[in-house]
Amino acid sequence: MALPDFLVIGAPKAGSTALHAALAQHPALYMSPVKEPKFFLSDGPPPARGGPGDAQTYREHVWRRPDYEALFDGAPPGALRGESTPLYLHDPAAHARIRALIPEARLIAVLRDPVERAHSNWTHLWSAGLEPVGDFVRACAEERRRAEAGWASFWHYTGLGKYGEQLEHLYRLFPREQVLVLRYLSMVDSPAETLDRICGFLGVEPGIISGLPRENVTAHPEPTLRYRTVARAARAAAAVGEFLPGRAGTLLSSPLEHMLQRSAPPRQPLTQEERDLVLPHFEADIRLLERITGEDFSFWLRPRERSGGMVGSRPSGQRQARNGQRRAA
């Protein structure tokens, strides 16, 4: 039995699925076959209820320690073991649990323009038929009500992008030399150099992995009558799934999700109007992030000529990634 040597801790919708797949190609690294086991998100069983689809996701948590350690049984001798759960960065309690169990672990955080990240997050849930609000700005306005109602953190479109607050807390528990902070656009623009930087941080040979696969490209179905009909059915299936055992709920809703995403175009660029309406949620935190890291993030505060999508159009036949399940070898 063994625990991980390093974790990809965030942020959600900042390329962690592609990064996990890329790191798994390095012979000196072993990535858990379940991407996003979410072990450090709870001290015991996760909640049983939440927003649309949350109950099924909670059932995918690998929360028992023997099961979590078993994820790394296949690691070759001498390989560094890792896993990727991008919700860890957002959760101060997860920081403390990581510190208590694996205090020497190296942590990788990838930061994406928080408005872009929130929009991709919203589109992810919209494409699954789970997000009932078809307007991104209005969905962000629903966040506090949903949090108070116990919806899972993946619905926290703006809260998940408060990187200044998150790193400020993380640095209270871990020395900075154990934390690698990367920019999402560095993975987009310079994948080989970024992967070499990660390898150097982990102490394994650089130059072996040079590209990021096109993983988890977010689809954006149009709000047609067909979409709304299938999406209502998907939310109804998710509600029924709360009362079904095991993965039965997922098996019920998965065909509907696939139906929504099949042939759908990729995520649409943000409009400047949308940016202007959502950006105030992040302005103070971006300034805090700059003070904490000593780096310039003012680019996120300026009008954008580039939407920032990582991998372009969805590869033919690809479905949106459902994390928390064992990946094919």
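It should be noted that the structure appears before, not after, this text.
Residues numbered from 1 in each chain as written. Predicted model: local features only at pLDDT ≥ 70, side-chain atom pairs only at ≥ 80, totals over all residues. Heavy atoms only, no water.

Engineer: Talk me through the packing of aromatic side chains; I want residue IDs and the actual numbers.
Structural biologist: Tallied over the entire structure, the rule returns 10 aromatic pairs. Aromatic ring contacts, followed pair by pair, group F39, F40, Y68, F72 and Y88 into a single cluster. The ring of Y184 has R112 lying over it, and the distance from NZ or CZ to the ring centre is 4.3 Å. The side chain of R183 reaches across the aromatic face of F297, ending 3.9 Å from its centre. (Phe/Tyr/Trp six-rings, centres within 6.5 Å; stacked < 30°, edge-to-face > 60°. Lys NZ or Arg CZ within 6 Å of the ring centre and 35° of its normal.)

Engineer: An account of the packing of helix α8 (residues 163–173) against helix α14 (residues 283–293) is needed here, citing residue identities and associated values.
Structural biologist: Their axes nearest at 7 Å, the elements α8 and α14 cross at an angle of 35°. Note on element contacts: α14 touches α8 through D285, L288, L289, I292 and T293, opposite Y163, G164, E165, L167, E168 and Y171. Of the residues contributing to the contact of α8 with α14, the split by class is 6 nonpolar, 2 polar and 3 charged. (Axes fitted to C-alpha atoms, helices over the stretch in contact; angles between N-to-C directions. Helix = DSSP H or I, 4+ residues; strand = E, 2+ residues; numbered from the N terminus. Contact = heavy atoms within 4.5 Å. Nonpolar A, V, L, I, M, F, W, Y, C, P; charged D, E, K, R; others polar.)

Engineer: Report on α8, specifying residues and quantitative values.
Structural biologist: Because the α-helix completes a turn every 3.6 residues, residues three or four places apart line up on one side. Of all the positions in α8, only Y163, G164, Q166, L167, L170 and Y171 are classed as buried. Seen along its axis, α8 keeps its buried residues to an arc of 160°; they face one direction. Along its buried surface, α8 packs onto β1 (6–10), α4 (92–101), β4 (106–111), α5 (114–127), β5 (179–183) and α14. (Buried < 20%, exposed > 50% of the residue type's maximum accessible area, 1.4 Å probe, protein only. Arc of directions from axis to C-beta.)

Engineer: Which residues make up α4, and what are the values?
Structural biologist: For α4, the complete set of buried residues consists of A94, H95, R97 and I98. When α4 is viewed along its axis, its buried side chains cluster within an angular range of 165° and face the same direction. N-cap assignment for α4: the residue whose side-chain oxygen lies 2.9 Å from the backbone N of A93 is D91. (Polar contact = N/O pair within 3.5 Å; in protein donor to acceptor, adjacent residues only side chain to side chain.)

Engineer: Just give me the short version of the packing of α4 against α8, but keep the residues and values in it.
Structural biologist: Here α4 crosses α8 at 20°, and the two axes come no closer than 10 Å. The angle between α4 and α8 falls in the class roughly parallel. Considering the relative orientation of α4 and α8, their crossing is right-handed. Residues P92, H95, A96 and R99 of α4 form the contact with α8, whose participating residues are Q166, H169, L170 and L173. The residue inventory of the contact of α4 with α8, partitioned by class, reads 4 nonpolar, 3 polar and 1 charged. (Parallel < 35°, antiparallel > 145°, perpendicular 65-115°, else oblique. Left-handed = near helix turned anticlockwise from the far one by under 90°.)

Engineer: Outline the sheet that holds strand β2 (residues 29–31), supporting the account with residue identities and numerical values.
Structural biologist: The strand order β2-β3-β1-β4-β5 describes an open sheet built from 5 strands, whose pairing is parallel. Among the strands making up the open sheet, the edge pair consists of β2 and β5. Recorded for the sheet is a direction-independent mean angle of 25° between the axes of neighbouring strands. Relative to β4, β1 runs parallel, the two sharing 4 bridges. (Pairing = 2+ DSSP bridges.)

Engineer: Outline unusual backbone geometry, listing residues and values.
Structural biologist: Between G10 and the following residue, A11, the backbone shows a cis peptide bond with an omega angle of -5°. Mapped onto the elements of the fold, A11 is located in the loop between β1 and α1 (16–23). Despite not being glycine, K13 has its phi angle at roughly 60°, a positive value. Counting through the fold element by element, K13 comes out in the loop between β1 and α1. Here E36, not a glycine, exhibits a phi torsion of approximately 65°, which is positive. Along the chain, E36 turns up in the loop between β2 and α2 (54–59).

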